[in-house]
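# Residue-level structural notes
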Amino acid sequence: MPARFIKELKTKEATEGATATLRCELSKAAPVEWRKGPEPVRAGDRVIQRQEGAVCELAIRELTVEDAGEYSCVCGQEKTSATLAVRGKDCV
């Protein structure tokens with residue numbers, strides 16, 4: 001039986017410069033792909049992709065306004081999506 005999402009991603013709001021973590025959980029451990037819009041998310045200095053068993057996390061450090069958008073975690077035919085909103089430091 002294919003893995004399915006038992007905990008969906010939740011919409012997050014964060015402030016520029018902070019760290020945002022998107023988290024979801026599968027019914028069993030399986031490989032996933034993170035996307036922002038249609039594009040795959042690449043791990044790098046600010047972007048950390050973690051997976052412990054069935055729990056998947058995408059952490060983005062030192063957020064910029066450009067990091068805002070719709071993120072999805074895809075596993076086979078299954079997908080969960082959420083919006084990340086980033087507030088500029090000036091708009092508190």
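The paragraphs below set out a description of the structure included in this document. What you see is a predicted model, and the numbers here were worked out from it, not measured in a lab.

### Things to note about the overall build of the protein
- Across its full length, the protein carries 0 helices and 9 strands.
- Traced from its N-terminal end to its C-terminal end, the protein shows the element sequence β-β-β-β-β-β-β-β-β.
- Against the globule reference of 12 Å for 92 residues, the protein gives a C-alpha radius of gyration of 13 Å, in line with a compact fold.
- Put simply, the protein has 92 residues, and 33% of those count as buried.
- A separation of at least 24 residues holds for 56% of the contacts in the protein among residues at least 6 apart in sequence.
- With 15 positive and 15 negative side-chain charges, the protein shows a spacing of 4 Å between the two charge centroids.

### A word on the nonpolar core
- One finds Leu-26, Trp-34 and Leu-58 to be the most contacted residues of the largest nonpolar core, which totals 23 residues.
- If one sorts the elements of this core by residue count, strand β3 (residues 20-26) sits on top with 4 residues.
- Excluding residues that lie within four positions of it along the chain, Leu-26 makes contacts with Ala-3, Arg-4, Phe-5, Ile-6, Val-32, Gln-51, Ala-54, Cys-56 and Cys-75.

### Notes on the pattern of salt bridges
- Counted according to the given criterion, the structure contains 6 salt bridges.
- Lys-7 serves as the salt-bridge partner of Glu-25, at 3.6 Å between the closest nitrogen and oxygen. Of this pair, Glu-25 sits in strand β3 while Lys-7 sits in strand β1 (residues 5-7), and the two are 18 residues apart along the sequence.
- In this structure, Arg-23 and Glu-57 form a salt bridge, with 2.6 Å as the shortest nitrogen-oxygen distance. Residue Arg-23 is located in strand β3, and its partner Glu-57 is located in strand β7 (residues 55-60); the two are separated by 34 residues in the primary sequence.
- A cluster of three or more residues bridged by salt bridges with shared partners is formed by Arg-23, Arg-50 and Glu-57.

### A few points about the sheet that holds strand β2 (residues 12-15)
- The 5 strands are arranged β2-β9-β8-β4-β5 in an open sheet whose pairing can be described as mixed. Each of the sheet's edge strands pairs with one partner strand only, and the pair in question is β2 and β5 (39-40).
- Inspection of the sheet shows strand β4 (residues 33-36) paired to strand β8 (residues 69-75) by 4 bridges, in the antiparallel sense. Looking at the pairing, Trp-34 lines up with Cys-73 of β8.

Procedures and definitions
- Residues numbered from 1 in each chain as written.
- Predicted model: local features only at pLDDT ≥ 70, side-chain atom pairs only at ≥ 80, totals over all residues.
- Heavy atoms only, no water.
- Helix = DSSP H or I, 4+ residues; strand = E, 2+ residues; numbered from the N terminus.
- Rg over C-alpha atoms; globule rule 2.2 N^0.38 Å.
- Buried < 20%, exposed > 50% of the residue type's maximum accessible area, 1.4 Å probe, protein only.
- Contact = heavy atoms within 4.5 Å.
- Lys, Arg positive; Asp, Glu negative; His and termini not counted.
- Charge placed at Lys NZ, Arg CZ, Asp CG, Glu CD.
- Core = buried A, V, L, I, M, F, W, Y, C linked by side-chain atoms within 4.5 Å.
- Salt bridge = Lys/Arg side-chain N within 4 Å of Asp/Glu carboxyl O.
- Pairing = 2+ DSSP bridges.

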